[in-house]
Amino acid sequence: MRVYIYIYMYMCISTSINAERKRGKHHRFPAKSNLQFSLLEQNGHSNQYKDSTFSMALARELIGLSLMEKSSFFASASSTRLVLKQNRSRSFLPLEGRRVQVVIQRSTTTPVAAISEDLDLVKVLPEKAVKFKVRAVVTVRNKNKEDFKETLVKHLDAFTDKIGRNVVLELISTDFDPKTKVPKKSKEAVLKDWSKKSNLKTERVNYTAEFEVDSNFGTPGAITVNNKHQKEFFLESITIEGFACGPVHFPCNSWVQPRKDHPTKRIFFTNKPYLPHETPEGLKALREKELRELRGDGQGERKLCDRVYDFDVYNDLGNPDKGIDFARPLLGGDKIPYPRRCRTGRAPMDTDMKSESRVEKPLPTYVPRDEQFEESKMNAFSTGRLKAVLHNLIPSLMASISANNQDFKGFSDIDSLYSEGLLLKLGLHDEIMNKIQLPKAVTTIQEGGLLKYDLPKIVSKDKYAWLRDDEFARQAIAGVNPVTIERLQSFPPVSKLDPEIYGPQESALKEEHIAGQLNGMTVQEALDANKLFIIDYHDIYLPFIDKINALDGRKSYATRTVYFLTDAGTLKPIAIELSLAPSSMKPNRVVTPPVDATTYWMWQLAKAHVCSNDAGVHQLVNHWLRTHATLEPFILAAHRQMSAMHPIFKLLDPHMRYTLEINGLARQSLLSVDGVIESCFTPGRYCMEMSAAAYSSFWRFDQESLPADLIRRGMAVPDPTQPHGLKLIVEDYPYASDGLMIWGAIEKWVRHYVNHYYPDSARVCNDKELQAWYAESINVGHADLRHAEWWPTLATPEDLSSILTTLIWLASAQHAALNFGQYPYGGYVPNRPPLMRRLIPDENDPEYAIFLSDPQKYFFCALPSLLQATKFMAVVDTLSTHSPDEEYLGERHHQSIWSGDAEVIEAFYEFSAEIIQIEKEIEKRNLNPSLRNRCGAGVLPYELLVPSSEPGVTCRGVPNSVSI
């Protein structure tokens, strides 16, 4: 009988081993499982079998483990050990003829069965939980360049690490310890070989640590890191190996501060997402603790190493301590509504308690430490800033030496910026180098060509394309600002401004101005046929016109431009209205396409003023306000209210990268008093007030989605038979047609993601973190508009999908379409002057005779000066540059492990594949000669929404976030 039992056991063991092996190489158990197999051989040597898979198979077959687990007797069992004892033998198989004793043991909290060799006796024996070790691989990213102080501290840390001042980790379970009522924890573990690896020059260094845990530890859910060094380090990821569930991943991507700066331990969670109500008991307190630390207490000045996210108004743009001319109004509040920005907590100005003291460049301004640029991004940005400084320095010197060189003399002077550099063709190279002692670095860079600008794309294919009316019109739908054009639905246009302050609301445009340009149609027929379009900057500029024109070297109109859609699908400009404030006592002026030499130059000047208006609205409203400023409150609230474990935070995370940092740099250098924006754009010191006026009168979150925006502007009509639920009025509208493909891909991906976690409305409404995020984004981040009725509700999965799709669209494709064409289109200043310095003279103006005698000279005197132009060119060159570490739509850090949800990862790969297909479709469209707004002789292909890009100024590429 006993022999038959042994034969049966042998067959079962062999069958189970084979079955377990066929299940796949990824089916793993811990190296020291709580279920172990041990065989005592006849010669006395103990051979503990290491294969946990074999052990499990043996246990299941010998004692019916799966049945025992379900029985009431073994219901409370958490760890079991199987020990197979047999007569001493040199060989393991066969088993016949050997005495076998099967013993099942467990700790005092688990019943233990002991089965005698005759299988006729069962008794309970006590045993403690099994200890076993797991291994952590910790990836730390090195800096490529370190200053002397950083190197010194690094060596000090390497030395002190040997004597116990090291990096200590502790693993935390998702389970509670029933005795202590706190999460189960491993013993502390120290990163090994820090001192040995401190001099490695590689970008990433892997360290290891070993944790000892009990067999009843459960599943790891968090890990704490205590940095006892003097220097912070960038922790990229941690992977734990040795648990039955397989590798456990912690995507960290965070700076870990030394204990002297932040005494509390840093908390990192696994990549497994949890809705708040699903949070395991062992992680609930840690989830709340982490969020409390990120919110801060709203007090005091923030240190650069802090990780606190909080709100404040824009009270840091002016510098009243330098004088009243340097004061700027506070943006945000009942007086001037505006979105909130990241709070820094700096002390107030001496002369104005409501204004925050400034930190001037090159000193850094506060953003939470993890929001700061990583090294490669900072290097690329710093190179651009250096370029801008040099471009500002040389023209300033030129202006101080020779007043005659403040203006461009002609097109050859502009061309020389690209062919020879700033100095050579202008004849001042030797004069400046001899008279002024420049730093050696500057002269070296000058010789290396850094002061020479790259040829902008707009003149790379056709040097004179910008002069043509069809190119002027094409850029309205395929240029750097394709989001302002509207379908003209009534004629003449009507203003919404108060007529008692700003004069008659009806436009000066009359039917006789445009009748001859409509291919035989009447105005009404053209309107009915959807042939007339308009870019209307009247209402946004007119309230500021008197103030702007009172500034030194600034002259502007409030413009309206009317376009006609030809049968070829292209636009042509047919009239430009130029308006001044009623106080000027000059009537609105209408300029139409030229019929002779004089009207040709009048028309060119009018188009330049339109471009100047367009550049201001593009930069201050469509670019800065609608993508940078209005997204910042959503980002702050996300970090404050949603845990890193929250699935919606994981979805939004790549679309928030670097935005707070670039916005902080913009407030410091671009938007502030005497910054680049004030210096280079027509509204001057009133730039940010104009942006705020657009926020309170124009911006609506519910109309920021691409379909809603196109319908609002009349550029599309609802049509459920079309792929995206709408039909474009202008079929060859490159921004819209390409954008709708990307919008559709984002919407599909987000809907799949949301439905995975929120199968019904109850889950959306009951998610306290999600609801807190959305409420704080509106009530605090957009506090001045919080009572607006147009805010979308957040009550259903459809609501959530719509809100998230809009945010991701704005952060990725919308920003890319508005940003990365700035230098390719604006780097050639005559094509898109950011400011104008002369109005268009009429017969009664003293300047009219000067204009008639030399219209080209007058044209260049009306454009920005050399100093203004080169400063502007340098800045938009930097802003149009992709950094080497850019992450594009369809990509993300830790591509396969950013989420622990396999279904979500699979859906993301499908989204990535769709983005690749969209890129191929855009490339096909750009080769289609029937699409004349993107293909033709000298016509630039529309690539601003092509998802991928190389580093540099490429006029293409859709990064995940607003990162420049």
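The written sequence of each chain sets the order in which its residues are numbered from 1. Selection of residues for local features in this predicted model requires a pLDDT of at least 70, selection of side-chain atom pairs for listing and counting requires 80 or more, and totals for whole chains, interfaces and linings are taken over all residues. Calculated side-chain values reflect all of the structure's heavy atoms, with hydrogen atoms and water omitted.

S.K.: It is not clear to me how the pattern of salt bridges should be interpreted in this structure. Could you clarify?
M.R.: Side-chain pairs of opposite charge can arise where the charged atoms are in close proximity. A side-chain nitrogen of Lys or Arg and a carboxyl oxygen of Asp or Glu constitute a salt bridge if their distance falls within 4 Å. Evaluation of the coordinates by the stated rule reveals 64 salt bridges. With a shortest N-O distance of 3.9 Å, Glu 374 and Arg 657 are connected by a salt bridge. Here the residue Glu 374 occupies a position in the loop between strand S17 (341–342) and helix H7 (375–401), and Arg 657 occupies one in the loop between helix H19 (647–652) and helix H20 (659–670), the gap between them amounting to 283 residues. Accessibility classification places Glu 374 together with Arg 657 in one group, the buried group. Between Asp 709 and Arg 712 there is a salt bridge; the shortest N-O distance is 2.8 Å. Of the two residues, Asp 709 and Arg 712 both sit in helix H23 (residues 706–712), three residues apart, roughly one turn of that helix. One salt-bridge network, held together by shared partners, links Arg 141, Glu 203, Arg 204, Glu 236, Glu 374, Arg 657 and Asp 885. A run of H or I in DSSP counts as a helix once it spans at least four residues, and a run of E counts as a strand once it spans at least two, with each numbered from the N terminus. Relative accessible area decides the class of each residue, using a 1.4 Å probe on protein chains only: under 20% of the type maximum gives buried, over 50% gives exposed, and in between gives partly exposed.

S.K.: Help me understand helix H17 (residues 597–629), please; the structure alone is not making it clear to me.
M.R.: Between its first and last C-alpha, H17 extends 45 Å over 33 residues, near the 48 Å set by a 1.5 Å rise per residue. A maximum bend of about 40° is found in H17 at His 618. Across the 33 residues of H17, 29 count as buried, placing the element largely inside the fold. Helix span, as expected, comes to 1.5 Å for every residue beyond the first. Values of bend correspond, residue by residue, to the angle between axes fitted over the seven residues ending at that residue and the seven starting there.

S.K.: Is there a simple way to think about the sheet that holds strand S7 (residues 131–141) in this case?
M.R.: In a beta sheet, neighbouring strands pair by backbone hydrogen bonds and run either parallel or antiparallel. At least two bridges found by DSSP between two strands is the condition for calling them paired. Reading across from one edge, S11-S7-S13-S14 is the order of the four strands in this open sheet, with antiparallel pairing throughout. The two strands at the open ends of the sheet, each matched to only one other strand, are strand S11 (204–214) and strand S14 (248–256). On average, each strand axis in the sheet is tilted by 20° relative to the strand beside it, whichever way the strands run. Judged from the 11 bridges that link them, S7 and S11 form a sheet pairing that is antiparallel. Residue pairing for S11: Arg 141 is matched across the bridge by Arg 204. Axis geometry follows a simple rule: fit a line to the C-alpha atoms, using only the stretch in contact for helices, then measure angles between N-to-C directions, giving values from 0 to 180 degrees.

S.K.: Explanation requested: the side chain of Gln 475 in the structure shown.
M.R.: Turning to its location among the elements, Gln 475 is positioned in helix H11 (residues 469–478). At 3.0 Å, the side chain of Gln 475 and the side chain of Glu 471 are in polar contact. In this structure, Gln 475 is in contact with Ile 458, Tyr 825 and Asn 831, ignoring residues within four places of it in sequence. Each polar contact in these results corresponds to two N or O atoms within 3.5 Å; when the atoms are within protein, one needs to be able to donate a hydrogen and the other to accept it, and residues that are neighboring in sequence are counted only if both atoms are side-chain atoms. Two residues qualify as a contact provided that any one of their heavy atoms is within 4.5 Å of a heavy atom in the partner residue.

S.K.: Help me understand the confidence of the model for the protein in this model?
M.R.: Interpretation of the predicted coordinates at a detailed level should be avoided for regions scoring low in pLDDT. Every residue carries a pLDDT, the predictor's confidence in it, which falls somewhere between 0 and 100. Scored by pLDDT, the protein comes out at a mean of 85, with 81% of its residues at no less than 70. Confidence over residues 1–13 falls short of pLDDT 50; this stretch has 19 contacts with residues more than four positions distant or in other chains. The model gives residues 15–126 a pLDDT under 50, and that stretch makes 211 contacts with residues more than four places away or in other chains.

S.K.: Is there a simple way to explain the nonpolar core in this structure?
M.R.: Here is a general trend for soluble globular proteins: nonpolar side chains tend to be buried in one another's company. Counting 183 residues, the largest nonpolar core has Tyr 338, Ile 485, Tyr 733, Tyr 735, Trp 749 and Trp 773 as its most contacted members. It is H17 that contributes the most residues to this core, 15 residues altogether. Setting aside residues no more than four positions away along its own chain, Tyr 338 makes contact with Tyr 314, Leu 331, Gly 332, Trp 624, Leu 625, Ala 629, Met 688, Ser 691, Ala 692, Tyr 695 and Asp 784. Throughout, nonpolar core names a set of buried Ala, Val, Leu, Ile, Met, Phe, Trp, Tyr and Cys residues whose side chains join them through atoms within 4.5 Å. Of all hydrophobic cores here, the second largest spans 29 residues; its members include Val 140, Val 167, Leu 191 and Val 213.

S.K.: Would you mind going over the pairing of strand S20 (residues 558–565) with me for this structure?
M.R.: The side chains of a regular strand alternate between the sheet's two faces. Across the eight residues of S20, eight count as buried, placing the element largely inside the fold. Alternating residues of S20 divide into Ala 558, Arg 560, Val 562 and Phe 564 and Thr 559, Thr 561, Tyr 563 and Leu 565, and every residue in both groups is buried. Of the pairings in the sheet, the one linking S20 to strand S21 (residues 571–579) comprises eight bridges and is antiparallel in character. Paired with Thr 559 across the strands is Leu 578, a residue of S21. Linkage of S20 to S21, two consecutive antiparallel strands, is achieved through a turn of five residues, within which Gly 569 is found at a positive phi near 90°.

S.K.: Explain the packing of helix H18 (residues 632–641) against H20 to me, please; I cannot follow it from the model alone.
M.R.: Running from N to C, H18 and H20 point in directions that differ by 130°, and their axes come no closer than 10 Å. As far as their axial angle goes, H20 and H18 are oblique. Handedness of the crossing formed by H18 with H20: left-handed. Together, Glu 632, Ile 635 and Leu 636 of H18 and Thr 659, Leu 660, Asn 663 and Arg 667 of H20 make up the contact between the two elements. Orientation labels follow simple angle bins: below 35 degrees gives roughly parallel, above 145 gives roughly antiparallel, 65 to 115 gives roughly perpendicular, and whatever is left gives oblique. Less than a right angle of anticlockwise turn of the near helix away from the far helix marks a crossing as left-handed, whereas a clockwise turn marks it as right-handed.

S.K.: Would you take a moment to explain the packing of aromatic side chains for this structure?
M.R.: Each aromatic ring pair is characterised by the separation of its centres together with the angle its planes make. Each pair of aromatic rings taken from Phe, Tyr and Trp, with Trp reduced to its six-membered ring, is defined by centres within 6.5 Å and is described as stacked if the planes are under 30 degrees apart, edge-to-face if over 60, and tilted in the remaining cases. Following the criterion strictly, the structure yields 40 aromatic pairs and no others. Their ring planes at 80° and their centres at 5.1 Å tell us that Phe 373 and Tyr 658 sit as a pair that is edge-to-face. In this pair, Phe 373 sits in the loop between S17 and H7 while Tyr 658 sits in the loop between H19 and H20, placing the two residues 285 residues apart along the sequence. Summarising the burial analysis for this pair, Phe 373 and Tyr 658 share the class buried. When the centroid spacing of 6.1 Å and the interplanar angle of 40° are considered together, the rings of Tyr 848 and Phe 851 count as tilted. A residue pair is termed a helical-turn pair when its members lie 3 or 4 positions apart in one helix, as Tyr 848 and Phe 851 do in helix H29 (residues 848–853) at three residues. For Tyr 848, a relative accessible area of 14% puts it in the buried group. The positively charged end of Lys 322 is found above the aromatic ring belonging to Phe 326, 4.6 Å away from the centroid. Put simply, a charge is over a ring when the Lys NZ or the Arg CZ is close to the ring centre, within 6 Å, and near the line of the ring normal, within 35 degrees. When the ring centre of Trp 898 is taken as origin, the NZ or CZ atom of Arg 892, which lies over that ring, is 3.7 Å away.

S.K.: What's the story with the sheet that holds strand S19 (residues 532–536) in this structure? I'm lost.
M.R.: Taken together, the five strands give an open sheet; going across it, the order is S18-S19-S20-S21-S22, and neighbouring strands pair in antiparallel fashion. The strands lining the two open edges of the sheet, one partner per strand, are strand S18 (486–487) and strand S22 (589–591). The strands touched by H11 within the sheet are S19, S20 and S21, with S21 carrying the most contacts at an inclination of about 85°. In the packing of H17 onto the sheet, the strands contacted are S20, S21 and S22, and the crossing angle to S21 comes to about 80°.

S.K.: Quick question: what am I supposed to make of helix H4 (residues 148–161) here?
M.R.: With 14 residues, H4 extends 20 Å from end C-alpha to end C-alpha; this agrees with the ideal 20 Å at 1.5 Å per step. Where H4 is concerned, the buried positions are Lys 154, Asp 157, Ala 158, Thr 160 and Asp 161. Looking at the packing, one finds that the buried side of H4 touches strand S8 (167–176) and helix H5 (194–197). For H4, the side-chain oxygen to backbone nitrogen distance between the N-cap and Lys 149 is 3.3 Å, and the N-cap itself is Asp 147.

S.K.: Explanation requested: a nonpolar patch on the surface in the structure shown.
M.R.: Only residues whose relative accessible area exceeds 30% and that take part in no salt bridge are eligible for patches, with like-charged residues grouped when within 9 Å of each other and nonpolar side chains (Val, Leu, Ile, Met, Phe, Trp, Tyr) grouped when within 5 Å. Note on areas: Shrake-Rupley with a 1.4 Å probe; residue coverage comes only from the protein chains shown. Together, Leu 156, Phe 159 and Ile 163 give the surface a local cluster of nonpolar side chains, amounting to about 330 Å² of exposed area. Along the chain, Ile 163 falls in the loop between H4 and S8.

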